[in-house]
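One letter stands for each residue in the lines below.
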Amino acid sequence: MEREKLVINGGNPLTGEIEVSGMKNSAVAIIFGTILTEGKCVIENLPDISDVSDSLEILSSIGAKIKRLNKTTYEIDTSVIRPGSSPYNLVRKMRASYYILGAELGRFGKAHAAYPGGCDFGTRPIDQHIKGFEALGAKVDFENGYIDADTDGKGMCGSNIYMDCVTVGATINIMLAACRAKGTTIIDNAAREPHVVDLANFLNASGANISGAGTDVIKIKGVEQLHGVDYAVIPDMIEAGTFMVAAAATGGDLLITNVIPKHMESVSAKLIEMGVNVEEYDDSIRISRNGPLSKIAVKTLPYPGFPTDMNPQMCVLMCLANGVSTMTEGVWDNRFRYVEELSLMGAKITVNGKTATIEGPTNFSGAPVKAVDLRAGAAMIIAGLIANGKTEIDNIRHIQRGYENIVEKLSGAGADIRLVTFAEDTSVSVMN
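## A short note on the nonpolar core
Turning to step 1, where the next piece is worked out: Judged by nonpolar contacts, the single largest core of 149 residues is most densely connected at Leu203, Leu271 and Phe364.
Turning to step 2, where the next piece is worked out: With sequence-adjacent residues up to four places away left out, Leu203 is seen in contact with Gly33, Leu36, Met175, Leu176, Cys179, Ala208, Ile210 and Leu226.

## Details of the side chain of Gln128
Turning to step 1, where the next piece is worked out: Relative to the elements of secondary structure, Gln128 occurs in helix H5 (residues 127–135).
Turning to step 2, where the next piece is worked out: On the basis of relative accessible area, Gln128 is assigned to the buried category, the value being 5%.
Turning to step 3, where the next piece is worked out: In terms of polar contacts, Gln128 uses its side chain to reach the side chain of Asp127, at 3.0 Å.

## As for the environment of Ile186
Turning to step 1, where the next piece is worked out: When you line up the elements, Ile186 lands in strand E10 (residues 184–188).
Turning to step 2, where the next piece is worked out: Overall, the relative accessible area of 25% leaves Ile186 in the partly exposed class.
Turning to step 3, where the next piece is worked out: With 12 residues separating them along the chain, Ile186 and Ile174 place their C-alpha atoms 9.8 Å apart.
Turning to step 4, where the next piece is worked out: What Ile186 contacts, discounting residues up to four positions off in sequence, is Ser159, Asn160, Ile161, Val217, Ile218 and Lys219.

## Notes on the sheet that holds strand E12 (residues 217–221)
Turning to step 1, where the next piece is worked out: Taking strand neighbours across the sheet as the criterion, the 4 strands line up as E9-E10-E12-E11 in an open arrangement whose pairing is mixed. Both edges of this open sheet fall to strand E9 (160–162) and strand E11 (209–211), since each of them pairs with a single strand only. Across this sheet, the average inter-strand angle for adjacent strands is 15°, counted without regard to direction.
Turning to step 2, where the next piece is worked out: The pairing of E10 with E12 spans 5 bridges and is classified as antiparallel. Within E12, the position partnered with Ile186 by the bridge is Lys219.

## What about the pattern of salt bridges?
Turning to step 1, where the next piece is worked out: Counted under the stated rule, the structure contains 17 salt bridges.
Turning to step 2, where the next piece is worked out: One salt bridge connects Asp54 with Lys93, and the closest N-O pair in it is separated by 3.2 Å. Here the residue Asp54 occupies a position in helix H2 (residues 50–61), and Lys93 occupies one in the loop between helix H3 (88–91) and helix H4 (99–108), the gap between them amounting to 39 residues.
Turning to step 3, where the next piece is worked out: For Lys390, the salt bridge is made with Glu392, and the minimal N-O distance between the two is 3.5 Å.
Turning to step 4, where the next piece is worked out: Look at the salt bridges and you will find they share partners, linking Lys5, Lys390 and Glu392 into a network.

## Some remarks on the side chain of Thr73
Turning to step 1, where the next piece is worked out: Tracing the backbone through its elements, the reader meets Thr73 in strand E5 (residues 73–77).
Turning to step 2, where the next piece is worked out: For Thr73, a relative accessible area of 9% corresponds to the buried category.
Turning to step 3, where the next piece is worked out: When sequence neighbours within four positions are dropped, the list of residues in contact with Thr73 reads Val42, Ile43, Glu44, Asn45, Lys67 and Arg68.

## Things to note about the environment of Ile406
Turning to step 1, where the next piece is worked out: Relative to the elements of secondary structure, Ile406 occurs in helix H14 (residues 406–412).
Turning to step 2, where the next piece is worked out: Looking at Ile406, the relative accessible area reads 9%, which means it is buried.
Turning to step 3, where the next piece is worked out: In sequence terms Ile406 and Leu69 are 337 residues apart; their C-alpha atoms lie 22 Å from each other.
Turning to step 4, where the next piece is worked out: Dropping the residues within four chain positions of it, Ile406 is found in contact with Phe243, Ile381 and Ile399.

## Section: the packing of aromatic side chains
Turning to step 1, where the next piece is worked out: With the rule as written, the count across this model stands at 4 aromatic pairs.
Turning to step 2, where the next piece is worked out: With a centroid separation of 5.4 Å and 55° between ring planes, the pair formed by Tyr88 and Tyr146 is classed as tilted. One end of the pair, Tyr88, is in helix H3; the other, Tyr146, is in strand E8 (residues 146–150), with 58 residues separating them in the sequence.
Turning to step 3, where the next piece is worked out: A cation over a ring is seen here: Lys5 above Phe422, with NZ or CZ 4.9 Å from the ring centre.

## Description of the sheet that holds strand E20 (residues 355–360)
Turning to step 1, where the next piece is worked out: The 4 strands lie next to each other as E17-E18-E20-E19, forming an open sheet whose pairing is mixed. Two strands lie at the open edges of the sheet, namely strand E17 (297–299) and strand E19 (348–352), each paired on one side alone. Strand-to-strand twist in this sheet, taken as the mean axis angle between neighbours without regard to direction, amounts to 15°.
Turning to step 2, where the next piece is worked out: Two strands pair when backbone bridges link them, and E17 and strand E18 (residues 323–328) are joined in this way by 3 bridges, in the parallel orientation. The residue bridging Val298 from the neighbouring strand is Met327, located in E18.
Turning to step 3, where the next piece is worked out: The strands that helix H10 (residues 311–319) touches are E17, E18, E19 and E20; relative to E18, the one it contacts most, it runs at about 175°.

Definitions and limits used
- Residues numbered from 1 in each chain as written.
- Predicted model: local features only at pLDDT ≥ 70, side-chain atom pairs only at ≥ 80, totals over all residues.
- Heavy atoms only, no water.
- Core = buried A, V, L, I, M, F, W, Y, C linked by side-chain atoms within 4.5 Å.
- Buried < 20%, exposed > 50% of the residue type's maximum accessible area, 1.4 Å probe, protein only.
- Contact = heavy atoms within 4.5 Å.
- Helix = DSSP H or I, 4+ residues; strand = E, 2+ residues; numbered from the N terminus.
- Polar contact = N/O pair within 3.5 Å; in protein donor to acceptor, adjacent residues only side chain to side chain.
- Pairing = 2+ DSSP bridges.
- Axes fitted to C-alpha atoms, helices over the stretch in contact; angles between N-to-C directions.
- Salt bridge = Lys/Arg side-chain N within 4 Å of Asp/Glu carboxyl O.
- Phe/Tyr/Trp six-rings, centres within 6.5 Å; stacked < 30°, edge-to-face > 60°.
- Lys NZ or Arg CZ within 6 Å of the ring centre and 35° of its normal.

Structure representation (C-alpha cells):
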C-alpha cells in the first residue's frame, strides 16, 4: 500500500512571490449552495484541494452534472438532483458536508445526510444548526448516523433566530435553508467571517435577497427561485496567513499575491507587533524580516479577531521569539493537539486548558512528525522550513484538504520540500 509524506530540508528563507488560491471555506459553502439554484452555475477560483473535489463528488452522487472547464473553474448544473441520496462515506469525509442539509431543506423542504466528519477539535456540536432548522419549520431526527429534517411538505417559513454562540457553520446553513423560505428570516448574533459574506454575495447574484452579511444581524427575505450564475470565489485568507507566517519564520522576503489585505488585519497586526515588516498593496502583501522577534500574547476569536485556523502556524513563529509568549484558544476545545508534534522538534510549549505558554527562542531540529489536522499540518511545514536537518511529515491527507499545490508554491519560493510516495511494506521510496 502506498502512502505520501512531505520531506523538508530546513534553512532556506522564502523569497520571491506566491499566489494565494481561492478560499476553501467559501468554496465548499458555495458548491453546496448551488443546490438551491435551478440552472447552471460556473464557479471560478475554486482551489484544487480534496475538500473541493469531495464536495463536487457529493453533488455528482445526487445527480448534479459537473463539468471541469479548467483547473479552477467548474460548471455545476443542479437542475435535476435527488435530495437525500448523498453517500454516507463521502459526507463523513468532511465537516462542511453538513451544508447539504441547509441547501436541500431550502430547495425541497426536506433533507437527509450522514453526520459530518472532518478535523477532530473535540466537541463540535451542530445544535445551533438544528435550532435554526427547527425555527424555520423543520422537524429534525437522528438515526443510525444520519440526520433527517423534514417540513412535511409545508416548506421552510421565515423566522427570527438568535444564535447562542457565534458559529460560522450554523450561520451559513441557516442562510441556505432560509433563502427560499416563505417570509423573512433574521439571524441575530451571526458570524461575520469573509466566507459568510462571499456565500451571501453568491446567493444574491443567483437571485436571493440577503442583507447584513458581514455584520452580526443578517436579514433574508425568501424568494421563490434561484437561477444559475457565474461567480468567482474570494482568496483564501488562511492560506495567505500561513505564507505570511512562513515568510516571517524563515527570515525571508516574500510577496503574497491574490490577497484581500483587509481580511488579514488581525494577522498583520500581530506580525508587526513581533517585529516583522508588513507592506500592504491593493491585492498583495509583502512580508520580510531581518531582526529578532518579540514575544506576544494572542487569543483566537471569531472574525474580525485573530483566526483559530492560524493558531498552530502562529505558535511556531512564537517559538522563535525572545521570551515567553502565550496563545489562548477562544474557539475550539482541542486545538492544541499539534503541540506534541512540535515538541518532537524541540519546542518548549506548556498547555494549561485553553492557553499554551511558549518559551523562546527555539532552535528547531528536523524530526519525523505527523499532521494531526489541517492547520497543524501547515504548522509542521513551517517548523520544517526553519529546522536544522530533515523533517518528514506523515498523514498529509489533512494538508491536502486545504492547501493547493503547497509543495510547488513553496519550492518556487526557495524551500527545499518534496512530496515522497513510499510503499509501506517495502519502505521503497519514489521521489515525485
